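# Residue-level structural notes
In case you want the letters, here they are:
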Amino acid sequence: MSTTETATQHVDLAISGMTCASCSARIERKLGRLEGVEASVNLATEKASVTFPSALSVADIVATVEKTGYGATPLTDDATGRGRDGGPAMTHDVLDQDSLRRRMLVASALALVVAVLHMVPPVREATGAAGHWLQLLLTLPVYLWAAWPFHRAAAINARHGASTMDTLVSVGTTAAMGWSVLALLTGFTHDLYFEVVAVVTAFLLIGRYIEAHAKEQGRSALTTLMELGAKDVAVLRQDAGKGGAMATTEQRVPVEELVVGDRFVVRPGEKVATDGVVLSGRSTIDASMVTGESMPVEVGPEDQVTGATVNGHGRLIVRASRVGAETTLARITELVEQAQTGKAPVQRLADRVSAVFVPAVLIIAGLTLLLWLVTGNPFTQGLAAAVAVLIIACPCALGLATPTALLTGTGRGAQLGILIKGPQILESTRAVDTVVLDKTGTLTTGHPVLTDVVTAGSLPADAALKAAASVEVGSEHPVAQAVVAGARERGVRLADAQDFVTLPGEGARADVNGMLVTVGRPSLFEVVPEVLHEALARAEGTIVLVGWQGTARAAITVADTPRETSAAAVERLRGLGLTPYLLTGDNARTAAAVAQQVGIDPAHVTADVLPQHKFDHVRALQEQGRVVAMVGDGVNDAAALAQADLGVAMGSGTDVAAESADIVLMRPDVQTVADAIGLSRRTLQIIKQNLLWAFGYNTLAIPLAAFGLLTPVIAGGAMALSSVLVVLNSLRLRGYGRV
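Quick look at the structure, then. (Residues numbered from 1 in each chain as written. Predicted model: local features only at pLDDT ≥ 70, side-chain atom pairs only at ≥ 80, totals over all residues. Heavy atoms only, no water.)

The next point concerns the sheet that holds strand E19 (residues 497-503). Here we have six strands laid out as an open sheet, ordered E18-E23-E22-E21-E20-E19, and antiparallel in their pairing. Strands with a single pairing partner mark the edges of an open sheet, and in this sheet they are strand E18 (444-455) and E19. Strand-to-strand twist in this sheet, taken as the mean axis angle between neighbours without regard to direction, amounts to 20°. (Pairing = 2+ DSSP bridges. Helix = DSSP H or I, 4+ residues; strand = E, 2+ residues; numbered from the N terminus. Axes fitted to C-alpha atoms, helices over the stretch in contact; angles between N-to-C directions.)

This is how it looks when you write it as structure tokens:
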């Protein structure tokens, strides 16, 4: 629970007892009647997200839900930040999976026998009147025990003056059962509906079991995230040894006991316990489960590591920098939970329909029976049609259409390193037609590398590079480090340099083998040969000159190179109907070179843009009628990300909570931008398919049942199948992005 500056509080609740969209809509409606309360209740996750004024308490909110006829338990972050504690397991309905399975199996077995006794002519004729009594005996356990959850929920709702899908099922089966028992006892008719009670109950329980199991699969990505973290950790403690000397010992403690600043050991194959900085050791880290990055990452002293990633071959000592709810994993989980608990705008129509759906169906069923009787038809036919109307109506499909797709889509996104901050973001991705890409760190690696060496006269390139790198090894500047790294990659052995001097803003100078070598700007040299002037003029990166005795001898180019995947990613974005733009603070030559390499139209390149002016460029595109997605690092581009219609932050695992962005990408790879937009659009498409099916099903099925064209048994099967189809359609998102 958190308190905001507007004197409001927020609580997440685990809700039990919900069975259909009418339940969630009713809880929302009841909470919404409290002054200042805003609530979003999600049927698929069985959670409520409630914002309320400080004049109310959590107890008041819980009491309101309970008065509505449902259970509510506040959810709190646990100490590890792995997820939420305090609520029951999400099982869908008032039953756990085992109880639901038992009822389903018993009901199915008994329903099969009842159906054979009633529908197979030779069996029906052989058993005669005894067969009717046998049907009653076999149907009673189905009606009284297997269907008890429906009756119980209907009774609870009736006490609160409400109705849900359970009301329809309970009233329908009770009407069929009551009529059949009365007919059997009095003998006034041989039209019995025991098979309707048994088979419909079995169908509904089968559908509910499949639906619950499928929904659990949809939640599996989030469950996996929450369970990723290490359970214990080897912490280094300093204890007083013999003679008062301090000795370092290793103690295995639960991860909950870690505090910021603790040093801990990560052995080969172990999970990193929490976010931290490597103090000693070198290894590779498998971050695939957290960031979606398939290749292991090399780490060494001073490198950042993320909790829940897996250590490779080396032993590491790490200092904890974040623990508990502040870790990257905890914040990823929180973002995914927030997205799954919210509602997409397309769901609001379904909610409004669900709120009046059940009462409307009860009225339609009553009118159906009345009209059949008024038109001179037998009561049994009217009853069958009315029961079919009650049973075939399915508010479940409406209620599950959006949340199951959202659940599966955001879960798959988390596996791919894509964090969609809220369901409303899905609508934004549909309209986007322009994507603005930052250059450094987005299209390029963000790390300068040596790209070219041009020498004057007969000086070998390796000799010039050796002289420059021998000086630059003493500098911490990124360009200097790129020169040194490039020399070593080319196998150049560096010489020992003496009397190293930094020339602020200009370069550096040192004595290399008795020669004073200068590396830096052209202004440091008295003579710059024409060939080097030409190299400076056509530079596509940063150039430093190296020379001695006042004459520049070579020009060394260092550039931030495009990622290997950038060109393919830009092509994918174009395939999604987006026009790519490049926005960079770098010079025009460098920007044009990068644009050419990745395939962006030169007319869509803007260079020499300061971070504070990127906002203006995004707004200018919007004023031209474009719907803009901005992709940046989530920090320097915060204003532009906030201004854009869709803000996408390229994360490195440390900025996942970038407030300005709508989507956070855990991998610094432009391919994930296309993945994010593609997945969001695909999720929205699945939601619309689900809603179309749910609305279409009910629109067609209820009239067919009312006109007697569907029997109650067929109605029960169709109703169960409708919910299952919606969930299974949503589960197709689990395969997104898999080859």
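This is not the end of the story, as more comes after the structure.
Here we take up the nonpolar core. It is characteristic of soluble globular proteins that their nonpolar side chains tend to be buried jointly. Counting residues in each nonpolar core, the largest one holds 83 residues, and the members touching the most others are Leu13, Ile15 and Val50. Ignoring sequence-local partners within four residues, the contact set of Ile15 consists of Ile27, Glu46, Lys47, Ala48, Val65, Tyr70, Gly71 and Ala72. Counting 41 residues, the second largest nonpolar core, distinct from the first, contains Val432, Leu443, Ile600 and Ala676. (Core = buried A, V, L, I, M, F, W, Y, C linked by side-chain atoms within 4.5 Å. Buried < 20%, exposed > 50% of the residue type's maximum accessible area, 1.4 Å probe, protein only. Contact = heavy atoms within 4.5 Å.)

Here the focus is helix H23 (residues 671-706). The terminal C-alpha atoms of H23, which comprises 36 residues, lie 52 Å apart, in line with the 52 Å expected from a rise of 1.5 Å per residue. Just downstream of H23 lies Gly708, where phi reads positive at about 80°. (Expected span 1.5 Å × (residues − 1).)

Our next topic: the pattern of salt bridges. One pass over the structure, following the stated rule, counts nine salt bridges. Arg237 is the partner of Asp262 in a salt bridge, and the nearest nitrogen-oxygen pair spans 3.6 Å. Highlighted residues: Asp262 in the loop between strand E8 (246-254) and strand E9 (263-266) and Arg237 in strand E7 (residues 232-240), separated in sequence by 25 residues. Arg237 sits in the partly exposed class, given a relative accessible area of 24%. With a closest N to O distance of 3.4 Å, Asp616 and Arg619 form a salt bridge. With Asp616 and Arg619 both in helix H21 (residues 611-623), this residue pair falls three residues apart, about one helical turn. The class for Arg619 is partly exposed, based on a relative accessible area of 37%. (Salt bridge = Lys/Arg side-chain N within 4 Å of Asp/Glu carboxyl O.)

Interaxial distance between helix H6 (residues 165-186) and helix H12 (residues 379-392) falls to 8 Å at its minimum, and their mutual angle equals 155°. When the axis of H6 is compared with that of H12, the two are roughly antiparallel. Remark: the crossing between H6 and H12 carries left-handed chirality. In this structure, H6 uses Leu168, Val171, Gly172, Ala175, Ala176 and Trp179 to contact H12, whose residues at the interface are Phe379, Thr380, Leu383, Val387 and Leu390. By residue class, the composition of the contact of H6 with H12 is nine nonpolar, two polar and no charged. (Parallel < 35°, antiparallel > 145°, perpendicular 65-115°, else oblique. Left-handed = near helix turned anticlockwise from the far one by under 90°. Nonpolar A, V, L, I, M, F, W, Y, C, P; charged D, E, K, R; others polar.)

This part covers the side chain of Ser180. Along the chain, the position of Ser180 falls in helix H6. You can call Ser180 buried: its relative accessible area is 0%. A polar contact of 2.7 Å, which involves the side chain of Ser180, links it to the backbone oxygen of Ala176. Leave out the neighbours within four places in its chain, and Ser180 touches Leu192, Tyr193 and Phe194. (Polar contact = N/O pair within 3.5 Å; in protein donor to acceptor, adjacent residues only side chain to side chain.)

For the rest of this paragraph, the subject is the environment of Gly261. One can find Gly261 in the loop between E8 and E9. Note on Gly261: relative accessible area 38%, which makes it partly exposed. Separated by 58 residues in sequence, Gly261 and Arg319 have C-alpha atoms that sit 5.7 Å apart. Excluding its chain neighbours within four sequence positions, the residues that come into contact with Gly261 are Arg319 and Ala320.

So, on to unusual backbone geometry. Here the phi dihedral of Glu302 falls at roughly 75°; this positive angle occurs in a residue that is not glycine. In this model, Gln549 sits at a positive phi of 55°, which is unusual for a non-glycine residue. For Gln549, the position within the fold is in the loop between strand E22 (542-548) and strand E23 (551-562). Under the relative-accessibility criterion, Gln549 is labelled exposed at 60%.

A few words on the sheet that holds strand E16 (residues 418-420). Ordered in space as E16-E28-E27-E26-E17-E24-E25, the seven strands form an open sheet in which the pairing is mixed. The sheet is open, and its two borders are formed by E16 and strand E25 (605-606), each paired with just one other strand. Here strand E24 (residues 579-583) runs beside E25; their pairing, made up of two bridges, is parallel. Counterpart to Leu582 in the pairing with E25 is Val605.

Now for a nonpolar patch on the surface. Together, Ile363, Leu367, Leu370, Leu371 and Val374 give the surface a local cluster of nonpolar side chains, amounting to about 510 Å² of exposed area. Turning to its location among the elements, Val374 is positioned in helix H11 (residues 347-374). Val374 gets classed as exposed once you look at its relative accessible area, which sits at 62%. (Patch = residues over 30% accessible without salt bridge, like charges linked within 9 Å, V, L, I, M, F, W, Y side chains within 5 Å. Areas by Shrake-Rupley, 256 points an atom, 1.4 Å probe, with all protein chains shown as cover.)

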